Structures are given as structure tokens and as C-alpha cells.
Amino acid sequence: MNQEELIQQAKEIRQRAYTPYSKFPVGAALVTDDGTLFTGCNIENAAYPVTCCAERVAIFKAISEGHTKFKELAVVADTKRPVPPCGSCRQVMSEFFTPKMKIHTSNLHGDIRTMTMEELLPFSFGAMDLTHEDE
Ligand SMILES: O=c1ccn([C@H]2C[C@H](O)[C@@H](CO)O2)c(=O)[nH]1
Ligand SMILES: [Zn+2]
């Protein structure tokens, strides 16, 4: 699946977003190392912080189905510049994505900005940091 197809998948799942509060639908499409596709949309809640972003829905769907290695992620929203994933999603991405993994951010005007995981979240906190130096 190429970048355009992945973005198209993200656009399509975006239509399923549940966004009565923000009215800001987002779609995400994630490909695993074996080529399996997982999509996600944002799902909001009357208790606003309970909301889950499109990116995390796609990642959690994949993880819960036993996939742990990923190739590419695309995110689409109706924004002026390609939509920048929020900090919480960046942290979740960094748990599962390699530093060189490609993330395509885009909008409905066809603007695309592709970056790597390490560009999107440099100096990230991870599992290694939970270990003390003398252990
Ligand atoms: O990259 C992003 C940015 C925001 N949102 C959602 C969260 C909330 O439902 C709405 C407004 O922030 O958009 C995402 O799903 N992904
Ligand atoms: Zn997010």
C-alpha cells in the first residue's frame, strides 16, 4: 500500500469519527510489517478527557489483535497544515514505533508532511529510562 492509498484509508475512516463536541473528525490508517491495515477515528465523550484520538484507536486495535511491528501511519484532518498528532499520541506511538518509522500527516487539501518517529517525538521517555544505571 502506497502513501496515497494509506491517506485515502485514513480519510474514509475519518467519516466514522464520533465528534459531537469538537466537530473535528480525524482519521488514521496504520500498516503492520506484514501488510495488515488497521484504521481508527477519534471517539469523544461527554466527559471530554476520556476522548481517544484516531491514532491511538488504530494503534490499540492493532496491538489488541496481536500486531506489534509497524511500517507506516497516516493521519488526516481538515486542517490548514497537515494535522500534528497530539502529545499523548506521540508518546503512545513511541512505545511501539521504531525511531525511523514513517508518519504521514495530512489535510483535506492534499498537503502531506512525512516525518519519522524520532522527528515527531525527540528525546522521548521510554522503557529504557525505567532502568537504573547500576542495575
Ligand atoms: O492528531 C489528532 C488531533 C486531535 N484529535 C482529536 C481529539 C479530539 O477528539 C479532537 C479535537 O482535539 O480531535 C485526533 O484524533 N488526532
Ligand atoms: Zn492524540
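Here the residue numbering is sequential within each chain, running from 1 through the sequence in written order. As they are written, the chains are lettered A onward and the ligands numbered 1 onward, keeping that order. Totals for whole chains, interfaces and linings use all residues, but because this is a predicted model, local features are given only for residues with pLDDT of at least 70 and pairs of side-chain atoms are given and counted only at 80 or more. Only heavy atoms go into the side-chain values, all of them from the structure, while hydrogens and water stay out.

Undergrad: Explain the side chain of Thr-116 to me, using residue names and the numbers behind them.
TA: Each helix is a run of DSSP H or I of at least 4 residues and each strand a run of E of at least 2, with the numbering of both proceeding from the N terminus. One can find Thr-116 in strand β5 (residues 112-116). Not counting residues up to four positions away in its chain, the partners in contact with Thr-116 are Pro-99, Lys-100, Met-101 and Ile-103. By definition, residues are in contact when any of their heavy atoms lie within 4.5 Å.

Undergrad: Go over the UniProt feature "binding site: Zn(2+)" (unreviewed entry) in the protein, please, and point to the residues and values.
TA: UniProt positions are given in the numbering used here, feature names are shortened, and annotations may be inferred rather than shown by experiment. The UniProt entry lists Cys-53, Cys-86 and Cys-89 under the feature "binding site: Zn(2+)" (unreviewed entry), expressed in the numbering used here. These annotated residues cover 37 residues of sequence, and their C-alpha atoms all fall within 8.4 Å of one another, placing them together at a single site. By the element assignment, Cys-53 lies in the loop between β2 (37-41) and α2 (54-64). Relative accessible area serves as the criterion here: at 21%, Cys-53 is assigned to the partly exposed category. Secondary-structure assignment places Cys-89 in helix α3 (residues 87-96). With sequence-adjacent residues up to four places away left out, Cys-89 is seen in contact with Cys-53, Glu-55 and Arg-56. Accessibility here uses a 1.4 Å probe with only protein chains present; expressed as a share of the type maximum, an area under 20% marks a residue as buried, one over 50% as exposed, and anything in between as partly exposed.

Undergrad: Before we move on, could you go through the environment of Met-115 and cite the residues and values that matter?
TA: Position of Met-115 among the secondary structure elements: in strand β5. Sequence spacing of Met-115 and Ile-103 is twelve residues, and the spatial spacing of their C-alpha atoms is 5.3 Å. In contact with Met-115, not counting residues within four places along its chain, are Met-101, Lys-102, Ile-103, Thr-105 and Leu-120.

Undergrad: Explain helix α1 (residues 3-14) to me, using residue names and the numbers behind them.
TA: Compared with an ideal rise of 1.5 Å per residue, which puts twelve residues at 16 Å, α1 spans 17 Å between its outermost C-alpha atoms and is within 8% of the ideal. Taken as a whole, α1 has its buried residues at Leu-6, Ile-7, Ala-10, Ile-13 and Arg-14. Looking straight down α1, one finds its buried side chains confined to an arc of 125 degrees; they lie on one side. At its buried positions, α1 is contacted by β1 (26-32), β2, β3 (70-77), β4 (102-106) and β5. Where α1 begins, the capping side chain belongs to Asn-2, and its oxygen is found 3.1 Å from the backbone nitrogen of Glu-4. Each helix should span, by expectation, one fewer than its residue count multiplied by 1.5 Å. Working note: the arc is built from the helix axis to C-beta atom directions. Whenever two N or O atoms come within 3.5 Å, that pair is a polar contact, provided that in protein one can donate a hydrogen and the other can accept it, and provided that, for residues adjacent in sequence, both atoms are side-chain atoms.

Undergrad: Any details on the confidence of the model for the protein? Residues and values, ideally.
TA: Values of pLDDT, the confidence the predictor places in each residue, fall between 0 and 100. Averaged over the protein, the pLDDT score is 97; the fraction of residues at 70 or greater is 99%. Reported confidences for the modelled complex are a pTM of 0.97 and an ipTM of 0.99.

Undergrad: Go over the coordination of the zinc ion (ligand 2) with me, naming the residues and quoting the values.
TA: Looking at the zinc ion (ligand 2), one finds its protein donor set to be Cys-53 (SG), Cys-86 (SG) and Cys-89 (SG), positioned 2.2 to 2.3 Å from the metal centre. Only nitrogen, oxygen and sulfur atoms qualify as donors, and only when within 2.8 Å of the metal (3.2 Å in the case of Na, K and Ca); with water excluded, sites may look incomplete. As a motif over one chain, the donors of the zinc ion (ligand 2) read C-x32-C-x2-C. In this pair, Cys-53 sits in the loop between β2 and α2 while Cys-86 sits in the loop between β3 and α3, placing the two residues 33 residues apart along the sequence.

Undergrad: An account of the site of ligand 1 is requested, with residue identities and associated values reported.
TA: When we say a residue is near a molecule or strand, we mean one of its heavy atoms is within 4 Å of it. With respect to spatial proximity, 13 residues lie near ligand 1, and among them Phe-24, Asn-42, Glu-44, Ala-54 and Glu-55 are the closest. Between ligand 1 and Asn-42, the relevant distance is 3.0 Å, taken from an oxygen atom to a side-chain nitrogen or oxygen of the residue. At 2.6 Å, a side-chain N or O of Glu-55 approaches an oxygen atom of ligand 1. Computed with the Shrake-Rupley method and a 1.4 Å probe, the accessible areas treat only the protein chains shown as cover for residues. Considered on its own, ligand 1 offers 370 Å² of accessible surface; in the complex 79% of this is hidden by protein. By the convention adopted, Pro, Cys, Tyr, Trp, Phe, Met, Ile, Leu, Val and Ala count as nonpolar, Lys, Arg, Asp and Glu as charged, and the other residues, Gly among them, as polar. A class-by-class count of the residues in the shell around ligand 1 yields eight nonpolar, three polar and two charged.

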